[in-house]
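One letter stands for each residue in the lines below.
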Amino acid sequence: VIRVKVLHEVGVRGMSGSRFVAFAQQKGLCMTAAGAVVDGNVEGGKGALKDVRKRDVDGRVRSFEEIPHTGRNGWINLVKFWRENRFQQLHKHMEQTFNALGPIYRETVGTLSSVNILLPSDISELFKSEGLHPRRMTLQPWATHREIRNHRKGLFLKNGEEWRSDRLQLNKEVMLSEAMKRFLPLLDDVAKDFCRMLQGKVERDGRGKESKSTLTFDPSPDLFRFALEASCHVIYGERIGLFSSSPSLESQKFIWAVERMLTTTPPLLYIPPRLLVQVGASLWTQHATAWDHIFSHAEARIQKAYQRLTSSQGRGSVTKGQYNGVLGQLMEKGQLSLDLIKANITELMAGGVDTTAVPLQFALFELGRNPEVQDMVRQQVRTSWAQAGGDPRKALQGAPLLKATVKEVLRLYPVGITVQRYPVTDIVLQNYHIPAGTMVQACLYPMGRSTQVFEDPLRFDPGRWLGSRRGDGAGFRSLSFGFGARQCVGRRIAENEMQLLLMHILLNFRLSVPSSDDLKTNLTLILQPETPPKITFSQL
């Protein structure tokens, strides 16, 4: 799922409730849902206390206007963001603002207003009021591009019954267990081929004895090619040969276009896109051009798949049980129009490259600088792979620590830093009244690094996700793929794609890093390393 969040310069003096917030911070307390005050010990950790809830001093629910805020003038805030280039560090600004104002605040930047929350107990309350047709923030630059170019909108840009109808059809092909059985072997094939390519690279360019070579390099370009190859295989049912010595320029341009689209989206969220179109703003031109290339790439692949499918049907050569990718399944069933299929397939492709390639960079880095964790995961993976008899599904089921590793990576480095909802009824969060229809954002980056939510949060520890956990909102500590009916539609593809690649890499290589310093991160529309980390691959 792709999500975005904006943060302002903070100022506390004179704000309603700020004295109580400051007191809570000073005493190691935090405010939770319905005005609770809980001792600052980590939920469920050693010495943690049960939730002891108390009303505010005067016993009343406070008004929306009393929520701590970061400045009332959205246009002044927007100018500050532009001038100081804060868009790239929104996740850090968000973390700083929670530290200053407490676990809830509101903000306005340009035309965009939101209430931002941090604690799982509050997030739980928010999702209870999401309704039958959950809404998240519409990325208006994307919607404007579709309208200007007369493209149909896909699932990501829809709401209401129209969204629900399309979602139910897509769930059958990408979310249900039967769909996973069909596409897991395809992902496994791509992951194995990637590791064969990596073996060749290490043997050719590395140092050391034969079959025990070591090579240090930046794997990010290869990971982007892996993500695109895997996405094309699952979605279009075809391989595009990105692991060859000379991958196609067309595919490289597609990767560039997705990166450009993600980079240009955040600044366009706070000014009406139509205004930028009218004045011919360069930023809009770059954004629209990137989307045009994404659509062109998808259109060519869709036409090719359509011709292949109709040709097979005409010759009567369609093999029963043959899997032709998500696109082929949707076309064969015919429950969505071709225009809607194109719209949704294009969105799946645009959202399926960076959002898996970048977390894989973080995963390799964390495994490389945490050798004890790496050894534990590898040991479990080896045992599971040996017992699975080549069945990728069984191999993954027998390696829960591998799944927990991906979960832990996304805790520290969430792809999207917020999940948004518009409650359908009035709710109360932190003893503040939130009117129905208000955009409320669950802020994942600061939550994942908060001592109020996680014990020793900066430690990379996949084991924290194993076993059951109890506590208020405990089920809402991991939301990198969203929640409920509106969670990321490509979740099962992405999760399994990352797990399978890490599994095969760990079976073949020992990972280390030339520098274990924390990675600096930037935000486009997704969280990325400022500089891709170099990884040392040593053959086993």
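Remember, predicted model here, so these are calculated numbers, not experimental data.

### Some remarks on the nonpolar core
By size, the foremost hydrophobic cluster in this structure holds 159 residues, and its most contacted members are Ile345 and Phe537. Ranked by residues supplied to this core, first place goes to helix α7 (residues 177–205) with 13 residues. Setting aside chain neighbours within four positions, we find phenylalanine 537 in contact with Leu198, Val202, Ser213, Thr214, Leu215, Phe217, Pro219, Leu364, Ile505, Phe509, Arg510 and Leu511.

### Describing the pairing of strand β13 (residues 535–539)
A large share of β13 lies buried, amounting to five of its five residues. Across the two faces of β13 the burial is the same, with Ile535, Phe537 and Gln539 and Thr536 and Ser538 all buried. Note that strand β5 (residues 214–217) and β13 share four bridges and pair antiparallel. Across the sheet, threonine 214 pairs through a bridge with serine 538, a residue of β13. Where strand β10 (residues 509–512) meets β13, four bridges bridge the pair, whose relative direction is antiparallel. Each residue of the ladder has a partner; that of phenylalanine 509, found in β13, is glutamine 539.

### With respect to the UniProt feature "binding site: heme" (unreviewed entry) in the chain
Mapped onto the present numbering, the UniProt feature "binding site: heme" (unreviewed entry) falls on Cys488. As for its placement among the helices and strands, cysteine 488 is situated in the loop between α18 (444–448) and α19 (491–508). Judged by its relative accessible area of 12%, cysteine 488 is buried.

### Some thoughts on the packing of helix α8 (residues 220–235) against helix α14 (residues 354–369)
At a closest axis distance of 8 Å, the pairing of α8 and α14 adopts a crossing angle of 140°. Comparing the axis directions of α8 and α14 gives the class oblique. Crossing of α8 over α14 shows right-handed handedness. Residues Ser220, Leu223, Phe224, Phe226 and Ala227 of α8 lie in contact with α14, whose contacting residues are Asp354, Thr356, Ala357, Val358, Leu360, Gln361 and Leu364.

### So, the side chain of lysine 158
Mapping lysine 158 onto the fold places it in the loop between α5 (140–149) and α6 (160–174). By relative accessible area, which is 5% here, lysine 158 ends up buried. Once residues within four sequence positions are removed from consideration, lysine 158 is found in contact with Lys153, Trp163, Asp166, Leu340 and Arg486.

### Description of the sheet that holds β13
Reading across the sheet, the three strands line up as β5-β13-β10 and stay open at both edges, with antiparallel pairing between neighbours. The open sheet has two edge strands with one neighbour each: β5 and β10. This sheet shows a mean twist of 20° between the axes of neighbouring strands, independent of strand direction. Across the sheet, α14 touches β10 and β13, and the angle it forms with β10 is around 85°. Contacts from α19 reach β10 and β13 within the one sheet, and its direction differs from that of β10 by about 100°.

Conventions we followed
Residues numbered from 1 in each chain as written. Predicted model: local features only at pLDDT ≥ 70, side-chain atom pairs only at ≥ 80, totals over all residues. Heavy atoms only, no water. Core = buried A, V, L, I, M, F, W, Y, C linked by side-chain atoms within 4.5 Å. Buried < 20%, exposed > 50% of the residue type's maximum accessible area, 1.4 Å probe, protein only. Helix = DSSP H or I, 4+ residues; strand = E, 2+ residues; numbered from the N terminus. Contact = heavy atoms within 4.5 Å. Pairing = 2+ DSSP bridges. UniProt positions renumbered as here; feature names shortened; annotations may be inferred. Axes fitted to C-alpha atoms, helices over the stretch in contact; angles between N-to-C directions. Parallel < 35°, antiparallel > 145°, perpendicular 65-115°, else oblique. Left-handed = near helix turned anticlockwise from the far one by under 90°.

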